[in-house]
Each structure stands twice: as C-alpha cells, then as structure tokens.
Amino acid sequence: MKTIVLTGIVSCCTILLLVAVGLPPSNSGSFNHAWTIQYSEALSWTEPFPRNLPGLWAGFGGHDFFFYAPLPFWFVAVFVDPLCPRCGSTTEFAVGSSILLVASGFAMFAFLRRFFDSRPAAFGATFYVLMPYHLLLDWFLRQAAGEFAAYAFIPLVALGIDQIRKGERGTAALTLGVAGTALSHLPTTLLAAHVFGLLVLVLVARADGGWIGKLRLLAGFAWPAMLGLALASFYWLPAVVLLDTVSPHVLFDPYFEAWRWLYAYGAETPNEHFALTVSIAFLACAPLVLGSSLFARGPLLVWILVPTTLALFLNTAPSEPIWRNWIISKAQFPWRMMIFVDFAAGISAAVLLNSAASRVGRFVLSAALIAAVLPTAYLTKQVKLSMDQALPETQYHDGFAAIEYLSPEMNEALRRRLDLPELDHFDQGAVARSIADMATEFARTHPEVNILRTGTRSLTAVGPRDAKVMPLPVQYWSLWTASNSSGTALETRPNPVFGTLDIIAPAGGFDREPVHVSLRYRPSEVIGAVVSVLAMLVLLATSIRARRRKH
C-alpha cells in the first residue's frame, strides 16, 4: 500500500509540474500548440481521425495528419478537451501529455512485476518516468510529443514478448504495444523493430528445444507484432504511400543526416550543445545499467544489455555505414535510441533495489544513485533556462505547422516570398508571419469568391459568373479534386503567388454554379482502414479465445 501511495504522489506531482510549466519554448512546442487547437476543432463523429486541418497556415489548411502520428493529439481531443472546454490549448496538451507520462509508468510497472515484487517494480517504473531523456529532454527541451507518447507503449511491447517467451496464451499486450508505438511515432517504431528484433533473436537463441521449437517461438513473436502493425495501418499506410506528395526533402539536409550526429565521427556535429546534453543524459543511465549487470541474470540481463549496447553502438562512429545505407536513417537522429536506454535503466533500477537486501547490493545501489544524480543536476539547470523562456499562450502562432508537410507548390511560393535558395533552414516566426501576410493579401485581392460550406476534406464555393479561374484560400495539393454540380471534373492548378488552389472554369464559365472541392479517400486510406478493422476483429477473437481457455 505504501508503494502504491508513493507512486501516486510522484505521478500527481509530475502532472502538476507539467501543467504548471505548459509548453516550453521549442520548435515542436509551436507545432504542438497549433496542432492541439486545430485537431480538436476538426475532430467529429464523421471524421474520428481527421487528416487535413483546415485552420492551419492562417486558414490555408495543412495536411499534417496524413503523415504525423495522431495518438497524442487524438488523446487530448477525445479525453481532455471535453472535460476542460475552457482550458487553454497549452494546458490541455500538458494535461494529456502528463497522463501519457504517468501511463508509461504503469505500463513499466506491469512489465517489471513479472520479475519483481511490487516495491522494486514501482521503483523501476518511477525511474523510467523520471529519466533525464524522457522527462527533461523529450518534454522540456524538445517537446517531442510523438516520442514522448511512445514511452507508454514500449513496456507493453516488452510485456507481450515476455508473455510469449513463457508460453502464455494471448497476444494483446504485444499487439497493442506495437500499434500504440506506431500511432505515436513512426521513427521510434522503426528503431523499436530493430531493438526488439535483436532482443527476440537473443531470447530465441537462449530458449530450450531444437530448431523446430525455436522457429515456432520466433513465429509466436512475429504474429502479434504484425497484427499490431496491421491494427495501425489506417494511419501509417497512407502516410508512407503519400509522403512524396508533400515536402519531406526538407528533413534531410545536413542537420538531419544521422551520421553527422555520431560520437567520435570526426566531423562537426550539427548542434554540439545538444549532442553534449544527450551524452549527459546517457551518463545518468550508465551507473544504473552497469551496477545492475552485477546482479541481473538470464532474461533480465538480456533486457538490460541488448538495448543499451545497441544504442551505444548506433551512436558512435563504427555504425556510420548502417546510418548511411540502411532504412533506420529515416529516424534522422541516432540519439532517439535513448528511449531504449531509459527503458533498460528502469529495469536496472528495479534490479538494484531488489538486490539491496545484501550489503554489497546496498552499496552498489547508493553509488549508482549518486552517480546518476550528478549529470541529472546539470540537465535540471538546462530545464530551468527553458522554463524561464516559456512563452505565454498568446504568443504562439495558432496556424503554424510543420513545413515538411507543405505541398511542394506552397513550399515554392513561400521560398520565393522569403527569398531563400531552399526552404530548409528557416526562422519559424518569419514563416508564420509570411503565411499570415499571404492570407491577408489573398483575402484583399480575391474578395469575390463565396465559400458556402467547408469541412476537413471538402468545401463548396461559388465564384464570379464570367471568371476563367476561381482562386480558393486552400493550400494547393495534387490530391485535391474539383467538379461542378453536374459532376463534371474541373481542372486544378497551383496559384504561383500564394501556392493555393486555383479552379479552372469549364468552357461555358462558372455561371455562378457551385463548385465542389474534395480530398477523396485514397486507395491507401481505404486499404489501411479495412486492414485495421480486420486486425481489430482478429485481436478480439484471439483475446476471447484465450480467456475461454483460461476458464
């Protein structure tokens, strides 16, 4: 009972801290503020997972959630916003994120209880929640909403793997863990596939039985993991298929090339200060991992050493060929592997407390905690600087979003307006102001278009009778289609000045006839949704079957 009460107190204090601070000033903080507002406004019964947000970019709209993982913002829109309708967007997002933070602790506790009593399990889960990279870097310094949310699902993946390792029936934990990670952050999902894939191979190699038994065990791991990916396919399938229709190239300038961040690489790191900050966060985990390796045995040692060793290797110069030639380069930053180091450190903390019954165990635990606190103290100073610079909610741009999800045509119009050779490195405030100026100028120069009805994926407008072009205040995208009331398809083209959508009049002119513009559901969206529904039915069926067998 004391353990539960203490864990509850720590959880409540953490929530209050995040809510009190709000959104720290960071690049992603600006995105998170706008996304929180616009996602909640776009959510409806007919659009339970909105992809196009009409309010972004000063009303030109943004296609961000065709590509960005929706779970953190969906969680806020569905559960937090209805309960606190008068709360500011920064407060809502902080509340939702802090709940996910606490959920990561409970998930870790559920995994650790398979190896420890409640006290060591709660100790390790608390460390997992409060590890420097998790709480200090991912929230206060980076505002990495997707990666921050993924922490809640990584322990579920581990729980499911351990259940299968022990031959227990049911696949829900692994399936939901994989699906939740994918719906939170695709780069973390990509890295998790490699970390847990290697870990599974080690566990299979250690398992008893011949080759047939090992292959069966391997298939036992693969099936629920694939089911989890299928469950999330309504999101990631169109995100992958349609990515070339926006501007992902801006994410792969030198700053985002993974090998440039490798330690001992021999070249200048894109951000020396942040690279140092990440290394200090690793040093906070290292004493726990090293100390626990003296006591951990069997699968526990595998859970600690595999993620840590792989993360260490993938952050140093010898891994350069992998980052240059393998798919994990899509994750952009090697230090994203810290999520798995934090996971290993949480397990290590539980091992150390469990070993504290002996004099040697108490000494190692004390030494590890002291060694971990020192680098954490330095990072706390960095957080204090971040908090001192926090912006009031009124200073965030409601319509500012991620530039990599702009259409190439809007990207080009913005580049010309800002007189930049490439729209890679940019001042966020300048971009937001430029988009706002574009919207004002568009409204002033095109007052004749009357928009009758608008939604997340469609609008109806009426233009001048004799006009040859109907300009709409909608960001151009090659996926928009237009037709008149008789169903005749109309030609669309990008406006070269604004990067917005122009509708070309038919031979007889518009004649004040309504024009219907829509983002039709793409084949990848339909296929992804069907696969997700089928996966959900399979998961329900297997769960019911497993429960019946238990009884």
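Residues numbered from 1 in each chain as written. Predicted model: local features only at pLDDT ≥ 70, side-chain atom pairs only at ≥ 80, totals over all residues. Heavy atoms only, no water.

Further remarks concern the sheet that holds strand β2 (residues 458-462). Taken in spatial order, the five strands line up as β1-β2-β8-β4-β5 in an open sheet, and their pairing is antiparallel. Among the strands making up the open sheet, the edge pair consists of β1 (450-454) and β5 (489-490). Where strand β4 (residues 480-484) lies against β5, two bridges are found, and the strand directions are antiparallel. Paired with Ala482 across the bridge in β5 is Leu490. (Pairing = 2+ DSSP bridges. Helix = DSSP H or I, 4+ residues; strand = E, 2+ residues; numbered from the N terminus.)

The next subject is empty space enclosed by the protein. Under the counting rule described, the total for this entry stands at one cavity of 30 Å³ or more. Its boundaries defined by the atoms lining it, the largest cavity holds a volume of some 40 Å³. Every residue lining the largest cavity is listed: Tyr39, Phe49, Pro50, Arg51, Phe65, Pro70, Phe234 and Tyr235. Class assignment of the residues belonging to the lining of the largest cavity gives a composition of seven nonpolar, no polar and one charged. (1 Å grid on protein atoms, 1.4 Å probe; cavity = no way out; pocket = protein on both sides within 12 Å on 5 of 7 lines; lining within 4 Å. Points joined across faces, edges and corners; volume = space filled by probe spheres on them. Nonpolar A, V, L, I, M, F, W, Y, C, P; charged D, E, K, R; others polar.)

The biggest cluster of nonpolar side chains holds 163 residues, and the ones touching the most others in it are Trp35, Trp303, Ile347, Leu472 and Ile503. Per-element tally for this core: the top contributor is helix α16 (residues 338-354), with twelve residues. When neighbours within four sequence positions are excluded, Ile347 is seen to be in contact with Met108, Phe111, Leu112, Leu300, Trp303 and Ile304. (Core = buried A, V, L, I, M, F, W, Y, C linked by side-chain atoms within 4.5 Å. Buried < 20%, exposed > 50% of the residue type's maximum accessible area, 1.4 Å probe, protein only. Contact = heavy atoms within 4.5 Å.)

Most of β2 is tucked away: four of the five residues are buried. In terms of strand pairing, β1 meets β2 through four bridges, oriented antiparallel. Along β2, the bridge assignment pairs Ile451 with Ala461. Between β1 and β2, which follow one another and run antiparallel, lie three residues.

The next point concerns a nonpolar patch on the surface. A surface patch of nonpolar side chains, about 880 Å² in accessible area, is lined by Tyr521, Val526, Val530, Val533, Leu534, Met536, Leu537, Leu540 and Ile544. Looking at the element boundaries, Val530 is found in helix α20 (residues 523-550). We classify Val530 as partly exposed; its relative accessible area is 47%. (Patch = residues over 30% accessible without salt bridge, like charges linked within 9 Å, V, L, I, M, F, W, Y side chains within 5 Å. Areas by Shrake-Rupley, 256 points an atom, 1.4 Å probe, with all protein chains shown as cover. Salt bridge = Lys/Arg side-chain N within 4 Å of Asp/Glu carboxyl O.)

A sheet is described by the order of its strands in space; here three strands give the open sequence β3-β7-β6, paired in antiparallel fashion. Each end of this open sheet is capped by a strand with a single partner; those strands are β3 (469-475) and β6 (492-494). Across the sheet, the axes of successive neighbouring strands diverge by a mean angle of 30 degrees, strand direction being ignored. Bridge count for β3 against strand β7 (residues 500-504) is five bridges, and the pairing is antiparallel. Among the inter-strand pairings, Met470 is bridged to a residue of β7, identified as Ile503. (Axes fitted to C-alpha atoms, helices over the stretch in contact; angles between N-to-C directions.)

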